[in-house]
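# Chains, contacts and geometry: an overview
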Amino acid sequence: MAIQRFNIIISSKQRKPYMDVYKGLLMLFVIFGHISYAIGVNVNNHSNIVYNCLQGFASNWIAPFYMAAFFVASGFCSSFSKPLKQQVVSDVKTLIVPAWVVTIVVSLFRYETTETLLLLAKKLLLQGGGFWFVVSLFCARIIYYFTLKIDKRILRFILLFILSFIGIYLNGHFQDRVWYLFHALSLCVFLEVGNYLRNDKVLNIWSMLISGIIYVVIILFLQYYEKRVPSLCAIQTFNFRWMPIYFILASTGSIVCLSLCKLLQKCSPLEYVGRNSIIYYLTHYQFFNISIPLIATFILSKNSSIIWSISIFLALFIGSVIWSTLISMLLNTKYLCWIIGRNNVK
C-alpha cells in the first residue's frame, strides 16, 4: 500500500518526452567524458593541451552529476508498483541481459584461452558483467524498492542518505566489486531525488537558476581552494566525508539539466538516444577501443596542432554516436529486440 500511495504509475501514454531528451543529453555527456580518457589509455598520450582541457572540463563540470543523474531519471520514470519478482525480472531483461550479451561478445572477440573464459565467467557471476553503472542501477532499484515500505518520505530519505555514506565508505576501503553493491548503496538516494522531482511544480525556471548558481559557486570554490571536485563513476574520487558536497552537486546539476530539458520539451535525436541510452552506454566505448589504436600514429603526429586535436576529438565523438546508433537500430529489430528487453518493435 505504501508503494502505491507514494508512487504514481506512469503508463506509456503518460511518457514525458523531455525525460528521453534528458537521458539522451546525459548519454552524450558520458561519451564526451570518455573520449580524452580513451585517447590517454590507448595512445598513452597525456601531454596534449586540447585533450587535457576537455578532460578537465568533463571531470570538473560534468562528472560531479552525470552518473547520479541517470539514477534520478530512473527514480523519476519508475513507479515501483510491481511486485518485487516482476520488477526484478523486468530489470534483468532491460539491464542485466544487455550487459551480459555485450560483455560476452566483447570478451569472445578479445580472448581465446580457457583461462580467460573462466575470468569471463567470474566477471559475469561475481560482478554482474563488465559495466558498473548498469549493475549498480539494478541493485539500487532493489534496495530502493524495500525502502519504499517506509511511508514518510523524510524518513526514507534519511535512511537512503545513511546508506550512501556506508556505500561510499565501503567503496573507498575495499576492492570488492561483487555486483557493484557499494556503488548501488552510494547512489540509490538519487532514486528518491528523482521520485521527488516527479512533482511538476518542483521543476521550474527558479529552481533551475538557483540550482545552477549553487552548482557553479561550489565548483569554483572547490577548484580554487581544494583543487579537486568530487565525482562518483567507475572510480570514486572522494571519501565519505565529502558525501554531502557530492550530493548537493549531483542533485543541483541534475535539476538544472532536467529543467532545461523540460523547457526544451522535444528533440527527436536526443529522444532516440535517451530511449536507447543503455545501448549507447554499453557500446560507445568499444568504438574507442577499436578506432583509436588504428589511428594512434596519426593522433600522435598531430599532437602539437590544436585544430587537428579538436577535429580528432569531434570525429571520435560523432563516430561513437553513429556507431552506437547503428547498433541500436540493429538491436531494435524483430529478432534481436529481446536482447534489450523489448518484446516487440513498433
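Residues numbered from 1 in each chain as written. Predicted model: local features only at pLDDT ≥ 70, side-chain atom pairs only at ≥ 80, totals over all residues. Heavy atoms only, no water.

### A word on the overall build of the protein
A tally of regular secondary structure across the protein gives 16 helices and 0 strands. Rg of the C-alpha trace for the protein: 20 Å, near the compact-globule value of 20 Å for 346 residues, within the 12% margin. The principal-axis extents of the C-alpha atoms in the protein amount to approximately 60 × 50 × 45 Å. A buried classification covers 49% of the 346 residues belonging to the protein. For the protein, the computed accessible surface area is about 17,400 Å², with 69% contributed by carbon and sulfur atoms. (Helix = DSSP H or I, 4+ residues; strand = E, 2+ residues; numbered from the N terminus. Rg over C-alpha atoms; globule rule 2.2 N^0.38 Å. Buried < 20%, exposed > 50% of the residue type's maximum accessible area, 1.4 Å probe, protein only. Areas by Shrake-Rupley, 256 points an atom, 1.4 Å probe, with all protein chains shown as cover.)

### Notes on unusual backbone geometry
For phenylalanine 80, which is not a glycine, the phi torsion comes out positive at approximately 55°. By the secondary structure assignment, phenylalanine 80 is in the loop between helix H4 (66–77) and helix H5 (84–110). By relative accessible area, phenylalanine 80 is classed as buried at 4%. The phi torsion at tyrosine 180 lies on the positive side, around 45°, for a residue other than glycine. When you line up the elements, tyrosine 180 lands in the loop between helix H8 (153–173) and helix H9 (181–187). The exposure class of tyrosine 180 is buried, given its relative accessible area of 13%.

### Examining helix H11 (residues 205–226)
With 22 residues, H11 extends 31 Å from end C-alpha to end C-alpha; this agrees with the ideal 32 Å at 1.5 Å per step. Its buried side turned inward, H11 meets helix H3 (49–62) and helix H12 (243–264). The opening residue of H11, the one whose side-chain oxygen lies 3.0 Å from the backbone nitrogen of tryptophan 206, is asparagine 204. Looking one or two places after H11, you find lysine 227, whose phi comes out positive at around 65°. (Expected span 1.5 Å × (residues − 1). Contact = heavy atoms within 4.5 Å. Polar contact = N/O pair within 3.5 Å; in protein donor to acceptor, adjacent residues only side chain to side chain.)

### Section: the pattern of salt bridges
For the structure shown, the criterion picks out 4 salt bridges. One salt bridge connects glutamate 192 with arginine 153, and the closest N-O pair in it is separated by 2.9 Å. Of the two residues, glutamate 192 sits in helix H10 (residues 189–196) while arginine 153 sits in helix H8, which places them 39 residues apart along the sequence. On the basis of relative accessibility, which here comes to 3%, the residue glutamate 192 falls in the buried class. Across the salt bridge formed by arginine 275 and glutamate 271, the nearest N and O atoms sit 3.9 Å from each other. Within this pair, arginine 275 and its partner glutamate 271 are both found in helix H13 (residues 268–275), separated by 4 residues, close to a single helical turn. Residue arginine 275 is classed as partly exposed on the basis of its relative accessible area, which comes to 37%. Look at glutamate 271 and you get buried, because its relative accessible area is 13%. Each of the salt bridges in this network shares a partner with another, and the network as a whole consists of Arg153, Arg156 and Glu192. (Salt bridge = Lys/Arg side-chain N within 4 Å of Asp/Glu carboxyl O.)

### So, the packing of H3 against helix H16 (residues 306–331)
Two elements in contact, H3 and H16, have axes separated by 8 Å at closest approach and are oriented at 50°. Relative to H16, the element H3 is oriented oblique. For the pair H3 and H16, contact is made by Val50, Tyr51 and Leu54 and by Ile306, Ser309, Ile310, Ile312 and Phe313, respectively. By residue class, the composition of the contact of H3 with H16 is 7 nonpolar, 1 polar and no charged. (Axes fitted to C-alpha atoms, helices over the stretch in contact; angles between N-to-C directions. Parallel < 35°, antiparallel > 145°, perpendicular 65-115°, else oblique. Nonpolar A, V, L, I, M, F, W, Y, C, P; charged D, E, K, R; others polar.)

### Structural notes on H12
An ideal rise of 1.5 Å per residue puts 32 Å on 22 residues; H12 measures up with 31 Å between its terminal C-alpha atoms. Judged by how many residues are buried, H12 sits mostly within the fold: 16 of 22 residues are covered. Where H12 terminates, the next one or two residues include glutamine 265, which has phi positive at roughly 70°.

### Side note on a nonpolar patch on the surface
A surface patch of nonpolar side chains, about 770 Å² in accessible area, is lined by Ile49, Ile306, Ile310, Leu314, Ile318, Ile322, Leu326 and Met329. The element contributing the most residues to the nonpolar patch is H16, with 7 residues. Topologically, isoleucine 322 is positioned in helix H16. Isoleucine 322 gets classed as partly exposed once you look at its relative accessible area, which sits at 47%. (Patch = residues over 30% accessible without salt bridge, like charges linked within 9 Å, V, L, I, M, F, W, Y side chains within 5 Å.)

### Topic: the packing of aromatic side chains
Across all of its chains, the model carries 28 aromatic pairs by this definition. Consider the rings of tyrosine 18 and phenylalanine 76, whose centres lie 6.3 Å apart with planes at 70°: the pair is edge-to-face. Pair noted here: tyrosine 18 is in helix H2 (residues 17–43) and phenylalanine 76 is in helix H4, with a separation of 58 residues, a long-range link. Judged by its relative accessible area of 4%, tyrosine 18 falls in the buried class. For phenylalanine 76, a relative accessible area of 2% gives the class buried. Pairwise contacts between aromatic rings join Phe157, Phe161, Phe165, Phe190, Phe238, Tyr246 and Phe247 into one cluster. Residue placement shows lysine 227 over the ring face of tyrosine 224; its charged tip is 5.6 Å from the ring centre. (Phe/Tyr/Trp six-rings, centres within 6.5 Å; stacked < 30°, edge-to-face > 60°. Lys NZ or Arg CZ within 6 Å of the ring centre and 35° of its normal.)

### Quick notes on the side chain of serine 309
On the secondary structure map, serine 309 appears in helix H16. Classification of serine 309 by relative accessible area gives buried; the value is 1%. One polar contact links serine 309 to asparagine 48, side chain to side chain, over a distance of 2.9 Å.

Limitation: the analysis is restricted to geometry and does not speak to function.
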